[in-house]
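Here's the letter readout for the chains.
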Amino acid sequence: MSKLIYLDNAATTKVDSRVFEAMKPYFEEYYGNASSIYRFAGVAKKAVEDSREVVAKYLGAKPKEIYFTGGGSESDNWALKAVAYAKQDQGKHIITSKIEHHAILHTCEYLEKFGFEVTYLDVDENGVVDLEQLKNSIREDTILISVMFANNEIGTIQPVKEIGAIAHEHGIIFHTDAVQAYGHVPINVDELNIDILSASGHKINGPKGIGIMYLSEKVKIGSFVHGGSQERGRRAGTHNTPGIVGFAKATEIAVEELEERSAYETELRDYLIKRVLEEVPFTKLNGHVTKRLSNNTNFSFRFIEGESLLIMLDQKGICGSSGSACTSGSLDPSHVLLAIGLPHEIAHGSLRLTLSNETTKEEIDYVVDEIKNIVERLRSMSPLYEDFLLSQKQA
């Protein structure tokens, strides 16, 4: 099989051709600045506001509660920093989880330098937050709870509605990083008790460099980017009209096709999981078996290094990602895998494969066959595996 098999859709997705076509006029024809007052620019302004309505409808929100940003990381930063600054006279305590995206964790670390205290909640072996620990962690000075909707590495979906209810019982703002969940599961912010939500376009076959932040009108926080009146004065900068249109179109498609796509991906995901667990010994599935994103799989293979597996898969035209952070200059394994209780040596041998609605069963069969061959080859070179087999014989 010579074609590329792309199984890293949690990292980014290709732009849907329908999204690309929707964006093109705003590059070539209606390129006016949406903030200008002449009629030519009015076309761009209308496109921005129409897009805002599309996003708001999906989330069960009001258009004025949707703010366009440069992506999920920006939205996460805005949510945490703005709430912290706005509420610091009431308290300086924030609650989050140990398996958040680094856009949350690093922002929390930044806020700690300025006197804020952060409680990092444990998760169980499936990556689910302990609700009792959450309740017990709430203090009189707690101003914000931020827990992601679905994990980017292991796909586990959190009990968001329950977390939001706990937050509201204590008058605390609830933010969720929904970058992985947006467009993949139904989301109604009122039903799920969400006050602030972050999302990104390039995870749903939309363009890169565009995201949104849902901000309930009940939450009063300050501006994040100063310098202009865009986004009701809260996020200055010329509107990325093509990106905004692309985000809305991708949202529209995702919502229309959600049920069919989710069913297809779930069936293929479960087939992939079944084959790997049955045919590759000493392998573990990471994340919740059923309460996970429809396209997410994450495996740990004992006695191998994930980076080596990735490189050898790449040579076969297969794109995935590792639970190890070696490629970013760190020798530490994923903080998510450590948080669910995996020892370092097993966490280092992890592989995340995330599917799309274009992934085929033929491709999955090819990938599993290659994984089997590569894992067997890597283990044949592992002294640890050799010692393990010897100990098994002697037992």
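Computed from a predicted model, the values in this text were never measured in an experiment. (Residues numbered from 1 in each chain as written. Predicted model: local features only at pLDDT ≥ 70, side-chain atom pairs only at ≥ 80, totals over all residues. Heavy atoms only, no water.)

(A) How the structure looks around the packing of helix α3 (residues 39-59) against helix α8 (residues 241-279). Where α3 contacts α8, the axes come no closer than 9 Å and their chain directions differ by 30°. One way to sum up the angle between α3 and α8 is to call them roughly parallel. Crossing of α3 against α8: the hand is left-handed. Contacts between α3 and α8 involve Ala44, Ala47, Val48, Ser51, Val54, Val55 and Tyr58 from the first element and Thr241, Ile244, Val245, Phe247, Ala248, Thr251, Glu252 and Val255 from the second. Across the contact of α3 with α8, the residue classes tally to eleven nonpolar, three polar and one charged. (Axes fitted to C-alpha atoms, helices over the stretch in contact; angles between N-to-C directions. Helix = DSSP H or I, 4+ residues; strand = E, 2+ residues; numbered from the N terminus. Parallel < 35°, antiparallel > 145°, perpendicular 65-115°, else oblique. Left-handed = near helix turned anticlockwise from the far one by under 90°. Contact = heavy atoms within 4.5 Å. Nonpolar A, V, L, I, M, F, W, Y, C, P; charged D, E, K, R; others polar.)

(B) Just the packing of helix α9 (residues 306-314) against helix α12 (residues 361-380), in detail. At their nearest, the axes of α9 and α12 sit 10 Å apart, and the two run at 135° to each other. By the angle class used here, α9 and α12 are oblique. The hand of the α9/α12 crossing is right-handed. Along the contact surface, α9 presents Ser308, Leu309, Met312 and Leu313, while α12 presents Glu370, Ile371, Ile374, Val375, Arg377 and Leu378. For the contact of α9 with α12, a count of residues per class yields seven nonpolar, one polar and two charged.

(C) Spatial organisation of the pattern of salt bridges. Evaluated as defined, the whole model comprises 23 salt bridges. With its nearest N and O atoms 3.2 Å apart, the salt bridge here joins Lys249 to Glu252. Note that Lys249 and Glu252 are positioned in helix α8 at a spacing of three residues, about one turn of the helix. The exposure class assigned to Lys249 is partly exposed, which follows from its relative accessible area of 27%. Through salt bridges with shared partners, a single ionic network connects Arg275, Glu279, Asp365, Asp369 and Lys372. (Salt bridge = Lys/Arg side-chain N within 4 Å of Asp/Glu carboxyl O. Buried < 20%, exposed > 50% of the residue type's maximum accessible area, 1.4 Å probe, protein only.)

(D) Local environment of the packing of aromatic side chains. Under the counting rule described, the total for this entry stands at 13 aromatic pairs. Centre to centre, the rings of Tyr26 and Tyr30 are 5.8 Å apart; their planes meet at 45°, and the pair counts as tilted. Relative to Tyr385, the ring of Phe282 lies with its centre 6.3 Å away and its plane at 70°, an arrangement referred to as edge-to-face. Residue Phe282 is found in the loop between α8 and β9 (283-285), and its partner Tyr385 is found in helix α13 (residues 383-394); the two are separated by 103 residues along the sequence. (Phe/Tyr/Trp six-rings, centres within 6.5 Å; stacked < 30°, edge-to-face > 60°.)

(E) Fine view of the side chain of Thr13. Tracing the backbone shows Thr13 in the loop between β1 (5-6) and α1 (17-23). For Thr13, a relative accessible area of 7% gives the class buried. Side-chain polar atoms of Thr13 contact the backbone oxygen of His202, separated by 2.7 Å. Here Asn205 takes part through its backbone nitrogen, which lies 2.7 Å from a polar atom of the side chain of Thr13. Those residues within four positions of Thr13 in sequence are excluded, and the remaining contacts are His202, Lys203, Ile204, Asn205, Gly206 and Lys208. (Polar contact = N/O pair within 3.5 Å; in protein donor to acceptor, adjacent residues only side chain to side chain.)

(F) Inspection of unusual backbone geometry at higher detail. Phi at Arg232 takes a positive value of approximately 55°, unusual for a residue other than glycine. Relative to the helices and strands, Arg232 is located in the loop between β8 (211-215) and α8. A relative accessible area of 42% places Arg232 in the partly exposed class. The backbone of Phe303 sits at a positive phi, close to 75°, despite the residue not being glycine. Positionally, Phe303 belongs in the loop between β10 (296-301) and α9. With a relative accessible area of 16%, Phe303 lands in the buried category.

(G) Looking closely at a nonpolar patch on the surface. Together, Tyr31, Tyr38 and Phe40 make up an exposed nonpolar region whose accessible area comes to about 350 Å². Turning to its location among the elements, Tyr38 is positioned in the loop between α2 (25-28) and α3. By relative accessible area, Tyr38 is classed as partly exposed at 46%. (Patch = residues over 30% accessible without salt bridge, like charges linked within 9 Å, V, L, I, M, F, W, Y side chains within 5 Å. Areas by Shrake-Rupley, 256 points an atom, 1.4 Å probe, with all protein chains shown as cover.)

(H) Layout of the sheet that holds strand β4 (residues 117-121). Across the sheet, which stays open at both edges, the seven strands sit in the order β2-β8-β7-β6-β5-β3-β4 with mixed pairing between neighbours. Looking along the sheet, the strands with just one partner apiece sit at the ends: β2 (66-69) and β4. For this sheet the average axis-to-axis angle between neighbouring strands, irrespective of direction, equals 20°. Bridge count for strand β3 (residues 93-97) against β4 is five bridges, and the pairing is parallel. Looking at β4, one finds that Ile94 is bridged to Val118. On the sheet, α3 packs against β2, β7 (196-200) and β8 and is oriented at approximately 115° with respect to β2. Where helix α5 (residues 102-112) meets the sheet, it contacts β3, β4, β5 (142-146) and β6 (173-177), and its direction lies at approximately 150° from that of β4. (Pairing = 2+ DSSP bridges.)

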